[in-house]
Amino acid sequence: NVQFAHDPVSDRIVIIEINPRTSRSSALASKATGFPIAMISAQLASGMTLDEIPYWRDGTLEKYTPSGDYIVIKFARWAFEKFRGVQDKLGTQMKAVGEVMSIGKTYKETFQKAIRALENGRHGLGFAKDFNRKSLAELLELLRDATSERQFIMYEAIRKGATNEQLFELTRIKHWFLQQMRELVELEEKVLQYKGAMPSDELLVQAKRDGFSDKYLAKILGIKEKNIRLRRTALGVTETWHPVPVSGVENAYYYYSSYNGKTDEVPVSKNAKKVMILGGGPNRIGQGIEFDYCCVHAAFAMRDAGYETIMVNCNPETVSTDYDTSDKLYFEPVTLEDVLQIYEREKPDGVIVQFGGQTPLNIARELADAGVKILGTSIDSIDIAEDLDLFRHMMERLEIPMPESGMAADIDEAVKVANAIGYPLMIRPSFVLGGRGMEVIYDEQMLKEYVDKAVGVTPDRPLLLDRFLQEALECEADALSDGKDVYIPAVMEHIELAGVHSGDSACVIPPISIPEKHLDTILAYTRKIAQELHVVGLMNMQYAIEKDKVYVLEANPRASRTVPLVSKVCNTQMAQIATRLMLGAQISELGLKPKVIPHFGAKEAVFPFDKFPEVDPVLGPEMRSTGEVLGLASTFGLAYYKSQEAANAKLPTEEGTVLISLSEKTPAAARAAKEFIKLGFRLVGTE
């Protein structure tokens, strides 16, 4: 891998870096070109030569030349919003947590496709944050430093009158790219003249060719997305499909869409047994490769069951976007617009939405409303579990305890609820994944600060306030269900107490300190809830034990980030079994029996705090880890030690000094201090 730099003024090119190995960009380059770099590198390393490897165009690979009438764009995904006090500034150290790749026929179309694939609530370049309300001078000032928002700020700066020269001086982004963005802004301004109505047919056709998504057009015009979709379809403006041929193998392709193509170039099989799997989009904190693991194993299970598998995803870092994981890969954003057009074209038996994390779930209801058959757990059941108020009513009906709670749409309601529940309390928006916006509140002042900052709180989408369980042991159970019978391979015990996000807490399977009576309660509650929600496939349950009582925290009737962990520690392929259950298999037919796990698996989270030196590395209810490791051993201590070594946490191998500085002197702190003394450590305290 060679990295170059080009000076646009002098035209000089220099080499920055050479890596004689695969690099981070190898997967991207492989998927952008259809040239599987790692596979061919392995063949060459084993002694094969290029003239022995097939090439779709000219026979063998020594005749390879780059080709293709398409454009590829990679766009990074950041997670600055997860870290309080962080500086959103890009430089020589990588800060992205994921990326998307888009393929199209023109730069404008491909760039806008990448933006709508990002899964950050934006479906186009305009009106991000408050940039549209800023003056040109303020926007130009914001462009002095490279940030994750630079493209969105430039878009609004052009709208406010910035010249290409001004933007080039500040960003050094080449004039060609700036001009492409300028043409998008000019077209958007023409579209905005039709606010509240459908734009002219000519303008709608041009907007679609330039990559404006249905959802973004609906948002800026103030009309329904469905109306945009129906009008453009009536005008014959639908995506055409095109292949990317794979080098190094015979007759392999994957596919992309364009609104600028002439004709469809992708054959559709008449196979009646055909299933579509929706992937998870870009990796980000709260949703990573755990969900891709589930999608990939679902594809394998479908293939074994004799089904044709269709994968839809846009993340080049994943196995799901390898050309041979599924029978057919559509390298597309996981949005309603793109998925519906693939569905209407392929006409599969059904669609699996419960493996790709929140990405497919966000569009599942609209897909179902458009006539798409959703396989597995129903959308209604998923909605009940995600709407924490509906879920609470269900728990009351089942007589399963949850922490005392209330809902509030403004500060007065919040104070009233807080006074009834008592501090400390946990506060969060009503729909979250990865603990977004979740905080522990200790007093009324903190509560007021939180409510002041909260965005988009309405009576329909209120804030939820729960009593914070103190010194509570948190645990999880992952379950498989066919709608009636439930199989629970393991209960996970968290090592950090409740209050640290489950994705950030270390945990162990099987549990080491949960009393048998509580394990029985957890298993009973899990079965009861899975049956009540009519779960078909996977479910994850989160519990906390406070003062000898088990409380339910939440239910997720879908794949969770713990599926790979449980699958590997318990040697139970959960995603594959869940797929079989969705196809109609019964738990009773699969020979699933309770297992005694003869070893211990300790999971530890991996954090990016070294990338953000200005951030306080304190854990809480909002997830911050970007990965995890697993230690396996015959004893818990050794498994935990292995997990710490793998996570690069240096554990002391000899006695030393421990500094203890506490705002509150709790009994738990005293117990920990006594343990350190037993181990031979010296203690130093603050007054």
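Summary of the structure given here.

Reading guide: rules and limits
Residues numbered from 1 in each chain as written. Predicted model: local features only at pLDDT ≥ 70, side-chain atom pairs only at ≥ 80, totals over all residues. Heavy atoms only, no water. Pairing = 2+ DSSP bridges. Helix = DSSP H or I, 4+ residues; strand = E, 2+ residues; numbered from the N terminus. Axes fitted to C-alpha atoms, helices over the stretch in contact; angles between N-to-C directions. Contact = heavy atoms within 4.5 Å. Salt bridge = Lys/Arg side-chain N within 4 Å of Asp/Glu carboxyl O. Buried < 20%, exposed > 50% of the residue type's maximum accessible area, 1.4 Å probe, protein only. Polar contact = N/O pair within 3.5 Å; in protein donor to acceptor, adjacent residues only side chain to side chain. Phe/Tyr/Trp six-rings, centres within 6.5 Å; stacked < 30°, edge-to-face > 60°. Lys NZ or Arg CZ within 6 Å of the ring centre and 35° of its normal. Expected span 1.5 Å × (residues − 1). Left-handed = near helix turned anticlockwise from the far one by under 90°. Nonpolar A, V, L, I, M, F, W, Y, C, P; charged D, E, K, R; others polar. Patch = residues over 30% accessible without salt bridge, like charges linked within 9 Å, V, L, I, M, F, W, Y side chains within 5 Å. Areas by Shrake-Rupley, 256 points an atom, 1.4 Å probe, with all protein chains shown as cover.

## Structural notes on the sheet that holds strand β16 (residues 463-467)
Line of reasoning, step 1. Sheet architecture is open: four strands sit in the order β13-β16-β14-β15, paired in antiparallel fashion. Unpaired on one side and paired on the other, β13 (405-408) and β15 (439-441) mark the two borders of the sheet. Between one strand axis and the next, the sheet turns through 30° on average, direction left out of account.
Line of reasoning, step 2. Bridge count for strand β14 (residues 425-429) against β16 is five bridges, and the pairing is antiparallel. Along β16, the bridge assignment pairs leucine 425 with arginine 467.
Line of reasoning, step 3. With respect to the sheet, helix α17 (residues 444-453) is in contact with β14, β15 and β16, its orientation differing from that of β15 by roughly 140°.

## Digging into the pattern of salt bridges
Line of reasoning, step 1. A complete count under the given rule lists 42 salt bridges for this structure.
Line of reasoning, step 2. Arginine 159 is the salt-bridge partner of glutamate 156, the closest N and O atoms lying 2.8 Å from each other. Here the residue glutamate 156 and the residue arginine 159 both occupy positions in helix α5 (residues 150-159), the gap between them amounting to three residues, near one helical turn.
Line of reasoning, step 3. One salt bridge in this structure joins lysine 215 and glutamate 225, with 3.8 Å as the shortest N-O distance. Highlighted residues: lysine 215 in helix α9 (residues 214-221) and glutamate 225 in helix α10 (residues 225-234), separated in sequence by ten residues.
Line of reasoning, step 4. With relative accessibility at 33%, the residue lysine 215 sits in the partly exposed group.
Line of reasoning, step 5. For glutamate 225, a relative accessible area of 13% translates into the label buried.
Line of reasoning, step 6. The structure contains a network of salt bridges with shared partners spanning Glu156, Arg159, Glu188 and Glu189.

## A closer look at the side chain of serine 320
Line of reasoning, step 1. Among the structural elements, serine 320 can be located in the loop between β10 (308-313) and β11 (328-331).
Line of reasoning, step 2. Residue classification places serine 320 among the buried residues on the basis of a relative accessible area of 0%.
Line of reasoning, step 3. Here the side chain of serine 320 touches aspartate 292 through a polar contact of 2.5 Å, side chain to side chain.
Line of reasoning, step 4. At 3.2 Å, the side chain of serine 320 forms a polar contact with the side chain of threonine 318.
Line of reasoning, step 5. Apart from residues lying up to four places away in sequence, serine 320 is in contact with Asp292, Val296, Met311, Asn313, Thr325 and Leu329.

## A closer look at the packing of aromatic side chains
Line of reasoning, step 1. Within the structure shown, the criterion is met by 21 aromatic pairs.
Line of reasoning, step 2. Ring geometry for tyrosine 254 and phenylalanine 331: centres 6.2 Å apart, planes at 50°, overall tilted. Pair noted here: tyrosine 254 is in strand β8 (residues 253-258) and phenylalanine 331 is in strand β11, with a separation of 77 residues, a long-range link.
Line of reasoning, step 3. Each ring, one from tyrosine 255 and one from tyrosine 330, has its centre 5.9 Å from the other, and the planes form 45°; the classification is tilted. Of the two residues, tyrosine 255 is situated in strand β8 and tyrosine 330 in strand β11; the sequence distance between them amounts to 75 residues. As far as burial versus exposure is concerned, tyrosine 255 and tyrosine 330 are alike and both buried.
Line of reasoning, step 4. One aromatic cluster is present, built from ring pairs that chain together Phe75, Trp78, Tyr107, Phe111, Trp176 and Phe177.
Line of reasoning, step 5. Arginine 122 extends its terminal NZ or CZ atom over the ring of phenylalanine 152, reaching a point 4.5 Å from the ring centre.
Line of reasoning, step 6. Looking at lysine 273, its charged tip hangs above the ring of tyrosine 307, at a distance of 4.8 Å from the centre.

## Points about helix α7 (residues 175-192)
Line of reasoning, step 1. The terminal C-alpha atoms of α7 lie 25 Å apart, and with 18 residues this matches the ideal 26 Å at 1.5 Å per residue to within 8%.
Line of reasoning, step 2. Turning to α7, its buried residues number three or more, namely Leu178, Gln180, Met181, Arg182, Leu184, Val185, Leu187, Glu188, Val191 and Leu192.
Line of reasoning, step 3. Buried-residue contacts for α7 involve α3 (107-117), α5, α6 (164-171), α8 (201-209) and α9.

## Things to note about the packing of α7 against α8
Line of reasoning, step 1. Their axes nearest at 11 Å, the elements α7 and α8 cross at an angle of 145°. Once α7 is placed against α8, the crossing between them reads as left-handed. Each of Leu187, Lys190 and Val191 in α7 lies in contact with α8, whose residues at this interface are Leu203, Gln206 and Ala207.
Line of reasoning, step 2. Residue composition of the contact of α7 with α8, grouped by class: four nonpolar, one polar and one charged.

## Points about α5
Owing to its 3.6 residues per turn, the α-helix brings residues three or four apart onto one side.
Line of reasoning, step 1. With respect to burial, α5 is a largely interior element, nine of its ten residues being buried.
Line of reasoning, step 2. Three or more residues of α5 are buried, namely Arg150, Phe152, Ile153, Met154, Tyr155, Glu156, Ala157, Ile158 and Arg159.
Line of reasoning, step 3. Buried positions along α5 lie against α3, α4 (136-142), α6, α7 and α9.
Line of reasoning, step 4. Looking at the residues trailing α5, positive phi occurs at glycine 161, about 110°.

## Description of the side chain of glutamine 542
Line of reasoning, step 1. For glutamine 542, the location among the structural elements is in strand β20 (residues 536-546).
Line of reasoning, step 2. Residue class for glutamine 542 comes out buried when judged on its relative accessible area of 9%.
Line of reasoning, step 3. Apart from the residues lying within four places of it in its own chain, the contact partners of glutamine 542 are Glu474, Cys475, Glu476, Ser502, Tyr551, Val552, Leu553, Glu554 and Asn556.

## A short note on a nonpolar patch on the surface
Line of reasoning, step 1. A cluster of nonpolar side chains, Val2, Phe4, Ile13, Ile15 and Ile18, forms an exposed patch at the surface whose accessible area comes to about 520 Å².
Line of reasoning, step 2. Elements represented by at least two residues in the nonpolar patch include exactly β1 (2-6) and β2 (13-18).
Line of reasoning, step 3. Of the residues forming the nonpolar patch, the biggest block, three residues, is contributed by β2.
Line of reasoning, step 4. Within the secondary structure, isoleucine 15 is located in strand β2.
Line of reasoning, step 5. For isoleucine 15, a relative accessible area of 51% translates into the label exposed.

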